[in-house]
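Examination of the molecular architecture
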Amino acid sequence: MLISPSKDAGQLLGIFKHPVITIDKRALCNEAIKLMTQHHIHHLVVTEKSKPVGVISDRDIFYRWTRGVPFAFQDLENLPIVQIMRTHLPVVTPEINLTQVVKWMSEFGTSAILSRTIDGDWGIITESDLLAALDKLLSKEQMRQELLREGETALASPLVQKMMEMIAQMGI
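All of the points below concern the structure found in this document. (Residues numbered from 1 in each chain as written. Predicted model: local features only at pLDDT ≥ 70, side-chain atom pairs only at ≥ 80, totals over all residues. Heavy atoms only, no water.)

Examining a nonpolar patch on the surface
On the surface, L131, L134 and L138 cluster together into a nonpolar patch covering about 300 Å² of accessible area. Tracing the chain through its elements places L138 in helix α5 (residues 127-156). (Patch = residues over 30% accessible without salt bridge, like charges linked within 9 Å, V, L, I, M, F, W, Y side chains within 5 Å. Areas by Shrake-Rupley, 256 points an atom, 1.4 Å probe, with all protein chains shown as cover. Salt bridge = Lys/Arg side-chain N within 4 Å of Asp/Glu carboxyl O. Helix = DSSP H or I, 4+ residues; strand = E, 2+ residues; numbered from the N terminus.)

Set out below in structure tokens:
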């Protein structure tokens, strides 16, 4: 399901990754594990006829291995990813509000969500991407707070107060 932008949308443009690493839905888990390891990533976009149909993560594979039906690791290697991939996830556009993306990831119980650029390219937003965005936002807020403190300190200076008085008297 494609989710369109809200009126109070916050830009996600710098957050999501594209192009993405994809894997065909007929692939086996061992192929997915190899791709994730080779590219140092945790998620793959699963495709059918070059169109995204879901996402698979190393967590999905690990969960199936540790909590699923008991079987040997060798069985997992030969398990088709279509049996454990995530489907029916919302697809967001870059203009969607960051808060909404976090909400959907929580509601759908996923660590990644598909995104679509204005040009129609596919991307992915992961928990790691959201943490990086949060770090940037917190850094900006911290900088804003420091500037406010410095401004308040400067305004409290008797010299600045006297200059402001003189400017006010001059009618400026």
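On we go.
Observations regarding the pairing of strand β3 (residues 43-48)
Burial analysis of β3 places five of its six residues in the buried class, the great majority of the element. In the sheet, strand β2 (residues 22-24) pairs with β3 via three bridges, with the strands oriented parallel. Bridged to I23 within β3 is V46. With helix α1 (residues 29-39) bridging β2 and its parallel neighbour β3, the resulting β-α-β unit is right-handed. With antiparallel pairing between neighbouring strands as the criterion, β3 and strand β4 (residues 51-57) make up a hairpin whose turn holds two residues, including K49 at a positive phi of roughly 55°. (Buried < 20%, exposed > 50% of the residue type's maximum accessible area, 1.4 Å probe, protein only. Pairing = 2+ DSSP bridges. Right-handed = clockwise from strand over helix to strand, strands pointing away.)

With respect to the side chain of T47
Structurally, the position occupied by T47 is in strand β3. What makes T47 buried here is its relative accessible area of 10%. In this structure, T47 is in contact with T22, I23, D24, K25, P52 and V53, ignoring residues within four places of it in sequence. (Contact = heavy atoms within 4.5 Å.)

Quick notes on the sheet that holds β4
Pairing within the open sheet is mixed, and its three strands lie in the order β2-β3-β4. Across the chains shown, the open sheet's two edge strands, defined by having one partner strand only, are β2 and β4. Direction aside, the axes of adjacent strands within the sheet are offset by 40° on average. (Axes fitted to C-alpha atoms, helices over the stretch in contact; angles between N-to-C directions.)

Some remarks on the pattern of salt bridges
Counting across every chain of the model gives five salt bridges. The partner of R86 in a salt bridge is D60, with the nearest N and O atoms 3.1 Å apart. Here D60 lies in helix α2 (residues 58-67) and R86 lies in the loop between α3 (73-77) and β5 (91-92), a separation of 26 residues in the sequence. Overall, R86 belongs to the partly exposed group, its relative accessible area being 29%. Linking E107 and K103 is a salt bridge whose minimum nitrogen-to-oxygen distance equals 3.9 Å. Residue E107 and its partner K103 are both found in helix α4 (residues 98-108); the two are separated by four residues, about one turn of the helix. Classification of K103 by relative accessible area gives partly exposed; the value is 45%.

As for the nonpolar core
The biggest cluster of nonpolar side chains holds 14 residues, and the ones touching the most others in it are I23, C29, A32, I56, I61 and I81. The element that contributes the greatest number of residues to this core is α1, accounting for three residues. Filtering out sequence-adjacent residues up to four positions away, I81 remains in contact with I23, D24, K25, A27, L28, C29, A32, V46 and I56. (Core = buried A, V, L, I, M, F, W, Y, C linked by side-chain atoms within 4.5 Å.)

Here we look at helix α6 (residues 158-169)
Taking 1.5 Å of rise per residue, the twelve residues of α6 would be expected to cover 16 Å, and the 16 Å separating its terminal C-alpha atoms lies within 8% of that figure. G171, located one to two residues past α6, shows a positive phi value of around 80°. (Expected span 1.5 Å × (residues − 1).)

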